[in-house]
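The lines below spell out each chain.
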Amino acid sequence: MMNDPVYLEAAYALAARMVNEANPSVDERIIHGFRWLLTRPPTSNEVARLRQLQIDAKNKLAGNPEQARRLLDACTANRSEPASLSPDEFASYVVVASVILNLDEAVMRN
Amino acid sequence: MEITMTLSTSLRHLQQITRRHFLGNAGLGIGAMALSALLDTNDVVARQSSATIPTTRPKAKSIIYLHMAGAPSQLDLFENKPVLSKYDGHACPQQYLAGKRFAFIKGVPTMLAPLFSYARYGQSGQWLSNLLPHLSNVIDDVCVIRSMTTDQFNHVPAQLLMQTGQPRFGYASIGSWVTYGLGSENSNLPGFVVLASGGKTPDGGKSLWGSGFLPSVFQGVQCRTQGEPILYLTDPQGIDRELRRWMIDATSDLNRAKCESSGDPESLTRISQYELAYRMQTTVPAAVNISNESKSTLELYGAVPGYQSLADTADDPRTVYRADDPTFANNCLLARRLVERGVRFVQLYDWGWDHHGSSPGESVDETLPIKCRQIDRAATALLIDLKQRGMLDETLVVWGGEFGRTPMMRTTSVPNEKQVSSGVTITRMHLRCGLQGAVSGPDSRTAQLMILAITSRRIP
């Protein structure tokens, strides 16, 4: 599901919400996205784990803006990410949003 | 600052525990009580299971199950009926109609004899119609089971009955049971793989390879013959292996933590599915690439790597069926490659065997020969190939449908149109299993064992 185009586009849209609507801190953005999907706030451990992912992804993509561009292009044909962040930093939130979307708790089977 | 953040987060967490979360946790508590009651009956369970240990040592390690979806006609393939031929065209005697219901048949229908000529083949003297010339060469490696019946005369419930033991949705398929019981021999490939041909998936849908109430990791994974073998297996642009690894690690960590607090084993299933998918990203493309096969193997099956069947894109695939369509052959070869790599259960569905109408694509007299030519050489090649690789003794190959046809035509206003009903209660199935060495033939003990294995699923 992480590779399903629908879920990629959804991750892009969720990342945009996280950046546009939450207070501009990593944790607040993660909490906002998490609540949108799971109707509950994350535990502090959950925030910490996603923060670590965001930092890792941001550092990796900052050194490779071309990779960030290709990732965002793969998400949607109509890119309109928030102007407040660089594309590679925004891409790191897309990575986080994709993980939240793919959590077992978000994928209701039963 | 950090402490304030942590405090406010946990406080908010407590405040926002909703009824939904409460009910989720309450369910766990009740489940735990039920579990403790079940554990008390442990010794009973242990005694029951020790009583059912088989007395013969099973040799089969994997199964290749070829399901002809739509129900192939047993009267035109395996069942020579000279008496029926005598009554061809006569009105059906009342004694066969009284108190019975048949799909599409009203009033007094006329009898329809087998439409193709029969002969006996091999040392076992099996009857086969002239529609399966390749199979006749290996018939001594085949058991034809003539005793199977079903009480379902619509395709979907009949397919569900064959594959899950129940004519209703929601039960675990035989492939998921087998992988649940025996596990997989290859941790980089799914234990249960499904391949489809004939332009459509079977009418019963994905429930035919579902896991029902078993953990969903045991459900069949459908591989496509064309393009990407499994949809969305390839990472999107911009996600490299390192980034993908990080994402799966984060997902698994969060799922595991959630599982520890909620106790829902589906979270663990999802963890293992993402891990398997990650490994499959490198193993599956190699496993399904039949173009690596030698020319002689491709010829044996009649396989054509990369073939794009017209049936896959046609609105009604039956209208474009060609006898030389190699899609089923490609899938048979693929099945051997998967079993070779340790896949436990490979299931092939070939759509388009529902022949109770008029052509194009729906008649016994015109379409059945086309479908037979699509599968005869390939299914035979599968037996020959497995045998020459020394794999036939450990691989059970099953061929069958969900039912057969009635011995009479359906009532139709068009004179001489050979429309038959699918509502018959005899299913044909033949198979070869190396369970007992060279034992094979219509009355072998091997065959009896297999029948039990299939029909006992109906007994609760």
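Note that the structure is a prediction, hence the values are computed from the model and not measured.

Participant: So what exactly am I meant to see when it comes to the interface of chain B and chain A here?
Facilitator: One frequent convention defines the size of an interface as the accessible area lost when the parts assemble. Between chain B and chain A, the residue contacts involve 40 residues of the former and 41 residues of the latter. The tally of links between chain B and chain A comes to four salt bridges. With a shortest N-O distance of 2.5 Å, Lys60 of chain A and Glu242 of chain B are connected by a salt bridge. At the boundary of chain B with chain A, the tally comes to six residue pairs in polar contact (both at pLDDT 80 or more). When residues of the side of chain B that touches chain A are traced back to their parent elements, those giving at least two are helix 1 (2-15), helix 2 (19-40), helix 8 (241-262) and helix 9 (265-287) of chain B. Among the elements that line the side of chain B that touches chain A, the one with the most residues is helix 8 of chain B, at 13 residues. Here the residues of the side of chain B that touches chain A sort into twelve nonpolar, 15 polar and 13 charged.

Participant: Is there a simple way to think about the nonpolar core in this case?
Facilitator: Nonpolar side chains in soluble globular proteins tend to be buried together. Residue and element names in this part refer to chain B. Counting residues in hydrophobic clusters, the biggest one holds 55 residues, and the most contacted among them are Ile64, Leu66, Phe78, Phe328, Val346 and Leu348. If you list the elements that add at least two residues to this core, you get strand 1 (62-69), strand 5 (192-197), helix 9, helix 10 (295-301), helix 11 (327-340), strand 7 (345-351), helix 12 (367-388) and strand 8 (395-400). Ranked by residues supplied to this core, first place goes to helix 12 with nine residues.

Participant: Please explain the confidence of the model for chain B as it appears in this structure.
Facilitator: A low pLDDT means the predicted coordinates there should not be read in detail. Residue and element names in this part refer to chain B. Looking at chain B as a whole, the pLDDT averages 76, with 74% of positions reaching at least 70. Across chain B, helix 10 holds the top mean pLDDT of 96, while helix 13 (residues 445-455) sits lowest at 31. Low confidence marks residues 1-6, where pLDDT is under 50. Its contacts with residues over four positions away, or in another chain, come to four contacts. Contacts of residues 413-460 to residues separated by more than four positions or lying in other chains number 151 contacts, the stretch itself having pLDDT below 50. Interface confidence for the predicted complex, given as ipTM, is 0.92, next to a pTM of 0.74.

Rules and cut-offs
- Residues numbered from 1 in each chain as written.
- Chains lettered and ligands numbered in written order.
- Predicted model: local features only at pLDDT ≥ 70, side-chain atom pairs only at ≥ 80, totals over all residues.
- Heavy atoms only, no water.
- Contact = heavy atoms within 4.5 Å.
- Salt bridge = Lys/Arg side-chain N within 4 Å of Asp/Glu carboxyl O.
- Polar contact = N/O pair within 3.5 Å; in protein donor to acceptor, adjacent residues only side chain to side chain.
- Helix = DSSP H or I, 4+ residues; strand = E, 2+ residues; numbered from the N terminus.
- Nonpolar A, V, L, I, M, F, W, Y, C, P; charged D, E, K, R; others polar.
- Core = buried A, V, L, I, M, F, W, Y, C linked by side-chain atoms within 4.5 Å.
- Buried < 20%, exposed > 50% of the residue type's maximum accessible area, 1.4 Å probe, protein only.
- pLDDT = per-residue confidence, 0-100.

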